[in-house]
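# Structural features, examined
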Amino acid sequence: MARSMFGAGVADFVVTPSDGLWAVGAGATVTFWDSADAGTQYTDLLDASSTPITSVTADEFGALPRFSGPDGVTGMWADGGGTSRAWMDAHGGATGGGGGGGAVFTKLIRVVASATAPADVRAAATYLCDGTADQVQIQQAIDDAQSEGGGIVQLSVGRFNLTAPLQINGTANEDNPLSVTIQGMGEWATILKPSTNVNGIAISNWAQCHLERFGIEIFGSGNGIVSTAVTTTDTRSFWDSSFRNLRINGSYTSTNTGWGMDLSMPFRSVFENIEVEGTRNGIRLLNDSTVQNAGDCTFTRMFIEIVGDGGTAIHVSSPSNNMNQNNFDMVEAGANGPNCTGILIDGASGGASQRFWGTNLEQFKTLVNVVNGESNVFDLNYVTCDNDNVTGNKAFICGSNAYGNTFSSKWVNVPSGQTLTIIEDNNTTANVPNVFERIRIENNGGTINYTKQNSTVLREITAFNITGIQTGLLRYPVADPGVGIVQPSDHGLISWTFDPANTIDVSTLASGTVYMAAVRVRERTTLSNISIYLSSAGVTLTAGQNFAGIYNSSGTRLAVTADQASAWASSGAKTMALAAPVAVYPGTYYIALVCNATTPIVVSRGSGNAGQVNIGLTAGTARYTSGGTGWVTQTSLPASGTLANRGIASIISFWAAVS
């Protein structure tokens, strides 16, 4: 019979108590026996050079050297001179148990071999699977590790078929969590394959676990990893745990309904480098405890791709108490099916303080939907809705009880022909508005609209192509002035000279004189109309000689209306279409009027004090001007002129607006 090898392993050390602590047993002499108490000593041992020995001496670090046991012996009781003996397995031998003071500790890793593992791996493994109900052997390894206070379960290469989930349960005792590590040989090398409608791994009862380097294939309603909270006192399912280098795959079967991870009451744990592919749903974090909040987890470098109709990539749900303070960093998610949602935050209690940094979302009907939640931050990279769905797509939605959330995106892609509601804010908590800022729209020929509340904050929203973008959305560089002050947008206008409620008098224009009034445009937009108010109509207006127009700050006419001789023959509000809409950037523009009539029009105006309304300004920058060199005796509005030559000694501060 062959001799088995012992010693020189990662756990083959002698330890000894010292002043209430443990120290290495440097130079300790260890003998080996066939019984935990009394029995017969094994004396037929060989050292590394095959010299016969009867005992083994630890080195200065307490490490036991490599040696061979007697023929046919695969495990022995080691006596290091302490109060009890410890079982020591041969390398590749069977498991044992026991341990005490002054003992030798050898069993840190429990190897589980798949049915298809290489022969040498199966020969060295403690637990052998046959490809049928492999959870039995894996569960035994988990239970054995936890029975000794914790340990590592090493899965070999190959596929492990499961007919029931692997169970990892804690003790609801923070001082004795029975921590266990399950690790494979790689996400594509070690595969757990639950049967249809069966979950892969189930975690509960304040477990502490570390899962890494393996894959899970799920089918039907089965989920990759699930967790369930205990039902009394502290109700966390797991804590201080880690999930790294995992791949959960649903085979891209659109009829599957499971989640990659469906986690109730997770707490203070780390998720890193995880791929969830081809499943109906990605990751759900659920706070369903009436006792306390869960969360405080980090998710780093993850990829989620869902399939089928109506799936969700990331779902943070708080039906009881609050799932809060989870951080998602560099997470990418995509959909291969209709009616899918990228990020969903909901539940009666609302999710709070989730942070998404550098997130990509692609091909979802709804990118982010905060049904109920507050103080969440979405700092996204590239996002785009479902290219196959030309209507009904929505980017950022906030429900009536969603407040204090912040949205930004480096690139919102809108394909040609797509209609996108980029913002839908239904928040009714006006004191804590939602903020939409630093959003760049890449409009490739779509239609972009939005809805908001008076309290909604819009700022630094930009686009290269502004055609098809609803007026009032683009904001650069300043924020919405907010509630309390009547804005042009409240009247369906883009900008005006002043609030029309502040008109105090009327004035009659002089024939042939060009009158100008400045307006400020705060965002990139398109101007299509000019509005004024006539207190009295003109009399005998000369056909072809009455116009309104827009000039830029260089004195170039940008747009002009058709002749207004007919329109100005009656009083009241006048909205005059420009002959061609004009795209403008943020800046100052001038509305110009010229009237030629026996009795010109009478316009509503503000203060008539020229020095007051133009205080601190020059002719080239004045808010209101009347005539001046090149701006009198005109029968039309000049194509250009020198603004510095305008007249400011006597002005008419007429009310006007653009839309």
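The coordinates are above.
Here goes a summary of the coordinates provided. Everything numeric in this text was worked out from a predicted model, so none of it was measured.

### A short note on helix α2 (residues 135–147)
- Look at α2: 18 Å from first C-alpha to last across 13 residues, which is about the 18 Å you get at 1.5 Å a residue.
- One or two steps after α2, the chain reaches G149, where phi turns positive at roughly 95°.

### Here we look at the packing of aromatic side chains
- Under the counting rule described, the total for this entry stands at 17 aromatic pairs.
- Ring geometry for F238 and F271: centres 6.5 Å apart, planes at 65°, overall edge-to-face. Taken together, the residues F238 in strand β23 (residues 238–239) and F271 in strand β27 (residues 270–279) connect sequence positions 33 residues apart.
- For F271, a relative accessible area of 0% puts it in the buried group.
- Ring centres of F396 and F407 lie 5.4 Å apart, and the angle between their planes is 35°; on these two criteria the pair is classed as tilted. Here F396, found in strand β39 (residues 393–403), pairs with F407, found in strand β40 (residues 406–414); they are 11 residues apart in sequence, far enough to count as distant. Accessibility classification places F396 together with F407 in one group, the buried group.

### A few points about unusual backbone geometry
- One non-glycine residue, A133, lies in positive phi territory at about 50°.
- Examined against the element boundaries, A133 turns out to sit in the loop between β14 (127–128) and α2.

### Here we look at the sheet that holds strand β6 (residues 45–47)
- Reading across the sheet, the four strands line up as β1-β9-β6-β7 and stay open at both edges, with antiparallel pairing between neighbours. At either end of the open sheet lies a strand with only one pairing partner, and these are β1 (3–6) and β7 (52–53).
- Looking at chain direction, β1 and strand β9 (residues 67–71) are connected through three bridges and run antiparallel. Bridge assignment links R3 to a residue of β9, and that residue is D71.

### Some details on the pairing of strand β47 (residues 514–521)
- In terms of burial, β47 is a largely internal element, seven of the eight residues being buried.
- When β47 meets strand β53 (residues 587–594), the two strands line up antiparallel, connected through eight bridges. Bridge assignment links A518 to a residue of β53, and that residue is Y590.
- Relative to strand β56 (residues 624–626), β47 is paired through three bridges, and the arrangement is antiparallel. Counted as the bridge partner of Y515 is S626 from β56.

Quick notes on the rules
Residues numbered from 1 in each chain as written. Predicted model: local features only at pLDDT ≥ 70, side-chain atom pairs only at ≥ 80, totals over all residues. Heavy atoms only, no water. Helix = DSSP H or I, 4+ residues; strand = E, 2+ residues; numbered from the N terminus. Expected span 1.5 Å × (residues − 1). Phe/Tyr/Trp six-rings, centres within 6.5 Å; stacked < 30°, edge-to-face > 60°. Buried < 20%, exposed > 50% of the residue type's maximum accessible area, 1.4 Å probe, protein only. Pairing = 2+ DSSP bridges.

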